[in-house]
Amino acid sequence: MIIEPRMRGFICLTAHPTGAEQNVKNQIEYVKSKGEIAGPKKVLVIGASTGFGLASRITSAFGSGAATIGVFFEKPPVEGKTASPGWYNSAAFEKEAHKAGLYAKSINGDAFSNEIKRETLDLIKADLGQVDLIIYSLASPVRTNPNTGVTHRSVLKPIGQTFTNKTVDFHTGKVSEVSIAPANEEDIENTVAVMGGEDWAMWIDSLKNENLLAEGATTVAYSYIGPSLTEAVYRKGTIGRAKDHLEATAFTIGDSLKSIGGKAYVSVNKALVTQASSAIPVIPLYISLLYKIMKEEGIHEGCIEQIQRLFQDRLYNGSDVPVDEKGRIRIDDWEMREDVQAKVAQLWLEATTETLPEIGDLAGYRNDFLNLFGFEFAGVDYNAEANEVVEIESIK
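What counts, and at which threshold
Residues numbered from 1 in each chain as written. Predicted model: local features only at pLDDT ≥ 70, side-chain atom pairs only at ≥ 80, totals over all residues. Heavy atoms only, no water. Pairing = 2+ DSSP bridges. Helix = DSSP H or I, 4+ residues; strand = E, 2+ residues; numbered from the N terminus. Contact = heavy atoms within 4.5 Å. Axes fitted to C-alpha atoms, helices over the stretch in contact; angles between N-to-C directions. Salt bridge = Lys/Arg side-chain N within 4 Å of Asp/Glu carboxyl O. Buried < 20%, exposed > 50% of the residue type's maximum accessible area, 1.4 Å probe, protein only. UniProt positions renumbered as here; feature names shortened; annotations may be inferred. Parallel < 35°, antiparallel > 145°, perpendicular 65-115°, else oblique. Nonpolar A, V, L, I, M, F, W, Y, C, P; charged D, E, K, R; others polar. Phe/Tyr/Trp six-rings, centres within 6.5 Å; stacked < 30°, edge-to-face > 60°. Lys NZ or Arg CZ within 6 Å of the ring centre and 35° of its normal.

## Structural notes on the sheet that holds strand E6 (residues 131-136)
Alright, step 1. Pairing within the open sheet is parallel, and its 7 strands lie in the order E5-E4-E3-E6-E11-E12-E13. Looking along the sheet, the strands with just one partner apiece sit at the ends: strand E5 (104-108) and strand E13 (329-330).
Alright, step 2. Here 2 bridges tie strand E12 (residues 263-268) to E13, and the two strands are oriented parallel to one another. Within the sheet, the bridge partner assigned to Val268 lies in E13 and is Arg330.
Alright, step 3. The strands touched by helix H3 (residues 85-99) within the sheet are strand E4 (67-72) and E5, with E5 carrying the most contacts at an inclination of about 160°.

Right, dumping it as structure tokens:
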């Protein structure tokens with residue numbers, strides 16, 4: 001079938017298998033071009049199919065020669081209907097890893113569930129024995145707690161008062177004002193239950209209890225802080241409460257890993273175009289202005305550049321891992337540079353539907369958004385027939 005992007009709001013309903021394969025190959029080539037990293041050898045990535053999780057799996061495998069197990073929840077293809085993009089990414093990753101002689105297996109299912117945890121533990125036990133790096137990179141709006149059976153849904157709301165600011169529809173380029181009503185206590189509790197650190201701790205406890213963590217094992221979860229422009233709806237809103245919980249959980253996990261010389265970190269990453277961030281009011285406008293500035297300064301990074309730098313310069317630099325006063329790794333350091341943020345703040349005041357094409361990088365934003373679904377990659381003939389039914393080698 002000929003596959004074209006079909007949009008509904010902030011979601012693309014189709015994904016392109018050839019484009020996804022090109023995306024993965026591009027990331028692999030980037031990692032290989034940066035040289036070997038004296039990093040992990042047996043890696044579990046929870047949330048491995050897109051964004052930072054996929055980049056972590058690629059960096060582990062092709063930067064450090066690691067065996068990887070990836071856990072994700074993606075929709076497989078059926079004849080006449082494409083898979084979700086993460087399915088195609090994972091199929092391409094396994095194909096390239098196996099071609100390079102690397103161990104790579106994947107598990108598709110709800111990572112929050114006890115069943116998928118059990119399946120993963122059994123696979124580690126059978127094939128790897130232990131893991132020395134666990135990346136936790138889940139981004140889901142819903143979580144059913146496996147112990148209580150309660151389903152929690154996260155919300156994106158400010159706390160305390162209504163939030164009003166500019167936003168942009170990145171499809172049309174129209175800049176408008178958006179208002180978001182404040183959260184109640186139930187909203188906050190549900191968002192923390194989905195996006196906080198509880199499930200991360202459950203994973204690490206399960207691995208530790210079954211002696212599946214290697215001596216000195218490291219675990220990393222990903223977070224975001226961002227600028228004052230977005231903090232009312234992000235860092236000081238419901239998601240911020242969840243991120244606070246995630247960061248506090250890192251200390252709890254770190255204490256539990258002391259007995260094996262292990263470490264737990266939260267890495268604060270850069271603002272990037274993801275399916276999740278595209279749905280957050282204000283963020284697309286902020287990112288389009290940020291991209292323009294960071295590209296002009298020569299310091300722009302996508303997911304793979306961020307994670308490769310995280311591994312090489314922070315986690316596996318041959319010395320102590322540098323952290324901020326709250327124990328967090330700050331790989332958002334270039335985004336948060338004072339000169340960069342001062343320029344963003346100035347452009348924000350100037351941003352209108354008319355000025356944005358000149359002062360922002362909305363075209364770059366749109367391109368990155370389409371890239372998430374395998375579209376707009378150089379070297380791919382999108383007018384050619386593509387086989388939508390692609391299998392992941394380790395999933396039968």
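Okay, back to it.
## Regarding the pattern of salt bridges
Alright, step 1. A complete count under the given rule lists 26 salt bridges for this structure.
Alright, step 2. With a shortest N-O distance of 2.8 Å, Lys95 and Glu21 are connected by a salt bridge. Of this pair, Lys95 sits in helix H3 while Glu21 sits in helix H1 (residues 17-33); the two residues are 74 residues apart in sequence, bridging distant segments of the chain.
Alright, step 3. A relative accessible area of 37% places Lys95 in the partly exposed class.
Alright, step 4. Put simply, Lys236 and Glu231 hold a salt bridge, and the shortest N to O gap is 3.3 Å.
Alright, step 5. Its relative accessible area of 56% is what places Lys236 among the exposed residues.
Alright, step 6. Glu231 gets classed as partly exposed once you look at its relative accessible area, which sits at 27%.

## Focus on the UniProt feature "site: Plays an important role in discriminating NADH against NADPH" (unreviewed entry) in the protein chain
Alright, step 1. In this structure's numbering, the residues bearing the UniProt feature "site: Plays an important role in discriminating NADH against NADPH" (unreviewed entry) are Glu74.
Alright, step 2. As for its position among the elements, Glu74 is in the loop between E4 and H3.
Alright, step 3. On the basis of relative accessible area, Glu74 is assigned to the buried category, the value being 13%.
Alright, step 4. Sequence-distant contacts of Glu74, that is, excluding residues within four places in its chain, are made with Ser49, Thr50, Ser84, Gly86, Trp87 and Asn108.

## Let's talk about the packing of helix H10 (residues 283-297) against helix H14 (residues 362-371)
Alright, step 1. The interhelical angle for the contact between H10 and H14, taken along N-to-C directions, is 110°, at an axis separation of 8 Å. Viewed along their axes, H10 and H14 adopt a mutual orientation that is roughly perpendicular. Side by side, H10 and H14 meet where Pro284, Ile287, Ser288, Tyr291 and Lys295 of the first sit next to Leu362, Gly364, Tyr365 and Asp368 of the second.
Alright, step 2. Residue classes in the contact of H10 with H14 are distributed as 5 nonpolar, 2 polar and 2 charged.

## Comments concerning the packing of aromatic side chains
Alright, step 1. Tallied over the entire structure, the rule returns 10 aromatic pairs.
Alright, step 2. With centroids separated by 5.7 Å and ring planes inclined at 55°, the aromatic side chains of Phe52 and Tyr222 adopt a geometry described as tilted. Of this pair, Phe52 sits in helix H2 (residues 51-64) while Tyr222 sits in strand E11 (residues 213-223), placing them 170 residues apart in sequence.
Alright, step 3. Aromatic rings pair up to connect Phe10, Phe170, Tyr365, Phe369 and Phe373 into one cluster.
Alright, step 4. Arg309 extends its terminal NZ or CZ atom over the ring of Trp334, reaching a point 3.6 Å from the ring centre.

## Quick word on the environment of Thr18
Alright, step 1. Structurally, Thr18 is set in helix H1.
Alright, step 2. Put simply, Thr18 and Ser256 are 238 residues apart on the chain and 43 Å apart in space, counted from C-alpha to C-alpha.

## Remarks on the pairing of E11
Alright, step 1. Of all the 11 residues making up E11, 9 are buried; the element is thus mostly covered by neighbouring parts of the structure.
Alright, step 2. Across 6 bridges, E11 lies against E12 in parallel orientation. Looking at E12, one finds that Ala221 is bridged to Val266.

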